[in-house]
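Below are the chains, spelled out letter by letter.
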Amino acid sequence: MNDGFLNALRVGESGVVAGVEGECAMRRRLFDLGLVPGTAVTCTAVSPAGDPAAYLIRGAVIAIRGRDAAGVRLGGGPWN
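The paragraphs below set out a description of the structure included in this document.

Notes on the overall build of the chain
So, point 1. On a plain count of helices and strands, the chain comes out with 2 helices and 6 strands.
So, point 2. A compact globule built from 80 residues would reach a C-alpha radius of gyration of about 12 Å, and the chain, at 11 Å, matches this within 12%.
So, point 3. For the chain, the spread of C-alpha atoms along the three principal axes comes to 30 × 30 × 20 Å.
So, point 4. Classification of the 80 residues of the chain by burial places 32% in the buried group.
So, point 5. The long-range share in the chain, meaning contacts at least 24 apart out of those at least 6 apart in sequence, stands at 59%.
So, point 6. About 4,700 Å² of surface is accessible on the chain, with carbon and sulfur atoms providing 53% of the total.
So, point 7. Considering the chain, the positive charge centre built from 8 side chains and the negative charge centre built from 7 side chains are found 4 Å apart.

What to know about the pairing of strand 3 (residues 40-46)
So, point 1. Two elements, strand 2 (residues 14-20) and strand 3, share 3 bridges in a ladder whose sense is antiparallel. For Gly15, the partnering residue across the bridge sits in strand 3 and is Val41.
So, point 2. Bridging between strand 3 and strand 4 (residues 53-57) involves 5 bridges; their strand directions are antiparallel. Counterpart to Val46 in the pairing with strand 4 is Ala53.

Description of the pairing of strand 5 (residues 60-64)
So, point 1. Pairing between strand 4 and strand 5: 5 bridges, direction antiparallel. Bridging across to strand 5, Ile57 finds its partner in Ala60.
So, point 2. Between strand 4 and strand 5, which pair antiparallel and follow one another directly, the connecting turn spans 2 residues, one of which, Arg58, has a positive phi of 50 degrees.

Examining the pattern of salt bridges
So, point 1. Tallied over the entire structure, the rule returns 2 salt bridges.
So, point 2. In this structure, Arg73 and Glu21 form a salt bridge, with 2.5 Å as the shortest nitrogen-oxygen distance. Of this pair, Arg73 sits in strand 6 (residues 72-79) while Glu21 sits in the loop between strand 2 and helix 1 (24-32), placing them 52 residues apart in sequence.
So, point 3. Classification of Arg73 by relative accessible area gives partly exposed; the value is 30%.
So, point 4. Here Asp68 ties to Arg65 by a salt bridge, and the two come within 2.9 Å at their closest N and O atoms.
So, point 5. When its relative accessible area of 38% is taken as the criterion, Arg65 is described as partly exposed.

Details of the nonpolar core
So, point 1. In terms of nonpolar packing, the biggest core is built from 16 residues, with Leu6, Val17, Leu35, Val41, Tyr55, Ile57 and Ile64 touching the most fellow members.
So, point 2. The element best represented in this core is strand 4, accounting for 3 residues.

The rules behind these values
Residues numbered from 1 in each chain as written. Predicted model: local features only at pLDDT ≥ 70, side-chain atom pairs only at ≥ 80, totals over all residues. Heavy atoms only, no water. Helix = DSSP H or I, 4+ residues; strand = E, 2+ residues; numbered from the N terminus. Rg over C-alpha atoms; globule rule 2.2 N^0.38 Å. Buried < 20%, exposed > 50% of the residue type's maximum accessible area, 1.4 Å probe, protein only. Contact = heavy atoms within 4.5 Å. Areas by Shrake-Rupley, 256 points an atom, 1.4 Å probe, with all protein chains shown as cover. Lys, Arg positive; Asp, Glu negative; His and termini not counted. Charge placed at Lys NZ, Arg CZ, Asp CG, Glu CD. Pairing = 2+ DSSP bridges. Salt bridge = Lys/Arg side-chain N within 4 Å of Asp/Glu carboxyl O. Core = buried A, V, L, I, M, F, W, Y, C linked by side-chain atoms within 4.5 Å.

Structure representation (structure tokens):
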């Protein structure tokens, strides 16, 4: 199983959050959005320009910029 980061998911792929890295304020914001270890996340759409992408997190679809999604580490790798 490969570990990766949230910004590497393609539309339709899912993963489980293993950890969140980055500056304190952004980490807190991502935690507030529900991106805590053990949470399942699915990439549902990517904007035509490629950034941001939309993710299904705990029943809500949330758009996250690529640079912020790069701080969300996934465990077990993406799967369909």
